[in-house]
Amino acid sequence: MSNCSLEVSFSIYARSLLVLCLTIFLPQKTCSSSLSSVSNHSTSTQTASERKINPSTVEYRRMLDKNVNVDWGMLVDRITKETDQQASIFMQQKLKCATTEQKQLIFKATLEQAYELMTNRFGNFLIQRQLELGTPEQIEALVQKMKGHILELTCEPFGCHVVQRALDCVDETSKASLVSELLVRIPETITHKYACHVWQKVFEIRWQHAPPPPIMKHIHQALEHQWDRVALDETGSLVIQNIFENMTEADKRPILNEVLNNIVPIAKGQWGNWVVQHVLEHAEKSHDREKAFQIVIDESVQLSMDQFASKVVEKALRIGGQQFMKKFIQYISSNNANSRPRMALIDIASDQYGNYVVQWLINNACEDQKVFICRLIKRHMVSLRGSKYGQRVAFLVDKVLRNHEITTYPTATGNSNGASC
């Protein structure tokens with residue numbers, strides 16, 4: 001017999017012996033159970049996994065039936081005291097399919113602990129759902145619970161979402177009442193990591209029936225001559241950009257003027273540079289954009305050699321067109337023997353951050369401008385190759401000039417400060 005046949009025979013013999021032993025030495029019930037375990041191990045494992053279904057999940061599904069009575073107060077307690085996510089999800093689902101009577105019972109249970117739910121990790125979603133689906137009377141009752149606590153809710157990680165939802169759902173009179181509470185502490189809240197989102201929602205409100213409250217008047221009074229500081233803040237930067245996008249010219253003019261008068265320090269900020277980029281690209285008045293572009297040219301050397309302001313320079317080059325690029329190249333390639341021994345272009349090309357600006361110029365300028373820049377840089381290759389960052393530009397210059405004939409014979413246009421495309 002082959003080895004394979006022997007193995008099969010031995011396996012059959014071993015199994016028969018095991019069954020015989022179980023039959024002799026174990027009670028009948030245990031034996032049957034053991035045999036079932038031996039022969040149907042995979043089926044047994046599957047059954048065990050099915051028995052591990054969360055019983056609370058089954059209970060919540062059963063309670064979705066309209067005819068089932070539920071202790072809503074008990075569920076609210078589970079949310080506020082045990083941070084029960086499933087209870088919150090169940091009550092939100094129930095609001096969609098419940099009868100009018102059940103909805104009223106749910107509302108009554110939540111109203112008793114409304115503030116605790118508003119500041120709860122999962123309870124705030126339940127309050128938001130009630131603001132969306134509730135009757136005008138129910139919504140008004142929730143607003144009354146919020147009044148007097150708007151500042152605390154606005155500065156709270158979960159409460160701020162409830163305030164934003166309320167500003168979407170309540171009538172304009174209630175909106176004005178809620179917003180008025182924010183006007184007490186404008187400097188602290190407008191740059192707060194949670195409250196700033198509420199302020200952005202306020203700026204997006206479109207007042208249609210009632211005259212809008214003098215929000216911007218209070219804001220300008222509280223933050224006059226401080227907008228440069230706000231622009232340098234992580235959340236303040238977003239607030240200013242939101243104001244630029246959503247407010248009227250009269251409302252945003254004082255802010256825009258302060259930003260334009262402080263472009264250099266703002267552009268050097270990690271968050272402020274985004275405000276300057278926004279002005280360059282989206283300012284409504286052409287003279288505002290023109291002023292911003294001109295400052296970028298006048299301060300091009302220090303801006304190009306700053307970690308964050310260099311992004312502003314690249315943005316200006318990207319959206320300024322050929323006319324701006326020509327002026328920029330002329331400025332940084334002009335010699336000023338009184339203040340510096342070599343042109344600014346070489347200093348920028350050797351800088352840790354400025355080299356990226358020069359590389360961008362070479363890669364994106366028209367052919368004549370590209371060759372003009374590379375020929376200027378070629379005169380300083382020894383300095384650039386000895387620089388950790390300049391050697392990147394030197395490599396790119398060699399690559400560009402490899403396909404162009406280079407002559408050093410003086411010509412009438414040899415001293416040109418720029419090139420036109």
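Residues numbered from 1 in each chain as written. Predicted model: local features only at pLDDT ≥ 70, side-chain atom pairs only at ≥ 80, totals over all residues. Heavy atoms only, no water.

A. Molecular detail of the overall build of the protein chain. What the protein chain contains, in helices and strands, is 29 helices and zero strands. Counting across all 421 residues of the protein chain, residues that qualify as buried make up 43%. Residue pairs at least 24 apart in sequence account for 68% of intrachain contacts in the protein chain once pairs closer than 6 positions are excluded. (Helix = DSSP H or I, 4+ residues; strand = E, 2+ residues; numbered from the N terminus. Buried < 20%, exposed > 50% of the residue type's maximum accessible area, 1.4 Å probe, protein only. Contact = heavy atoms within 4.5 Å.)

B. Structural view of the nonpolar core. One finds W199, I219, I362 and I377 to be the most contacted residues of the largest nonpolar core, which totals 111 residues. Taken together, domain 1 (224–332) and domain 2 (334–409) each give at least three residues to this core, which thus spans both. Sequence-distant contacts of I362, that is, excluding residues within four places in its chain, are made with K370, I373, C374, I377, V393, L396, V397 and V400. (Core = buried A, V, L, I, M, F, W, Y, C linked by side-chain atoms within 4.5 Å. Domains from an automatic or database assignment.)

C. A look at the packing of helix α15 (residues 195–203) against helix α18 (residues 234–246). In the contact formed by α15 and α18, the axes pass within 9 Å of each other and the chain directions differ by 5°. Taken together, the axes of α15 and α18 lie roughly parallel to each other. The residues of α18 that touch α15, namely those facing C196, Q200 and F203, are T235, L238, V239, N242, I243 and N246. Class assignment of the residues belonging to the contact of α15 with α18 gives a composition of five nonpolar, four polar and no charged. (Axes fitted to C-alpha atoms, helices over the stretch in contact; angles between N-to-C directions. Parallel < 35°, antiparallel > 145°, perpendicular 65-115°, else oblique. Nonpolar A, V, L, I, M, F, W, Y, C, P; charged D, E, K, R; others polar.)

D. Broad picture of the side chain of D84. Tracing the backbone shows D84 in the loop between α5 (72–82) and α6 (85–97). Within the structure, the side chain of D84 is placed 3.0 Å from the backbone nitrogen of A87, a separation counted as a polar contact. (Polar contact = N/O pair within 3.5 Å; in protein donor to acceptor, adjacent residues only side chain to side chain.)

E. How the structure looks around the confidence of the model for the protein chain. In the predicted model, the protein chain carries a mean pLDDT of 83, and the fraction of residues at 70 or more is 78%. Least confident of the elements in the protein chain is helix α3 (residues 41–50), whose mean pLDDT is 39; most confident is helix α20 (residues 263–267), at 97. Contacts from residues 1–8, a stretch scored under 50 in pLDDT, to residues over four places away or in other chains number two contacts. Contacts for the low-pLDDT stretch residues 22–55, under 50 throughout, to residues beyond four places or in other chains number 11 contacts. (pLDDT = per-residue confidence, 0-100.)

F. Representation of the state of the cysteines in the model. Evaluation of the coordinates by the stated rule reveals zero disulfides. In this structure C160 is not part of a disulfide, and its nearest cysteine sulfur, from C196, lies 8.5 Å away. (Disulfide = S-S within 2.5 Å.)

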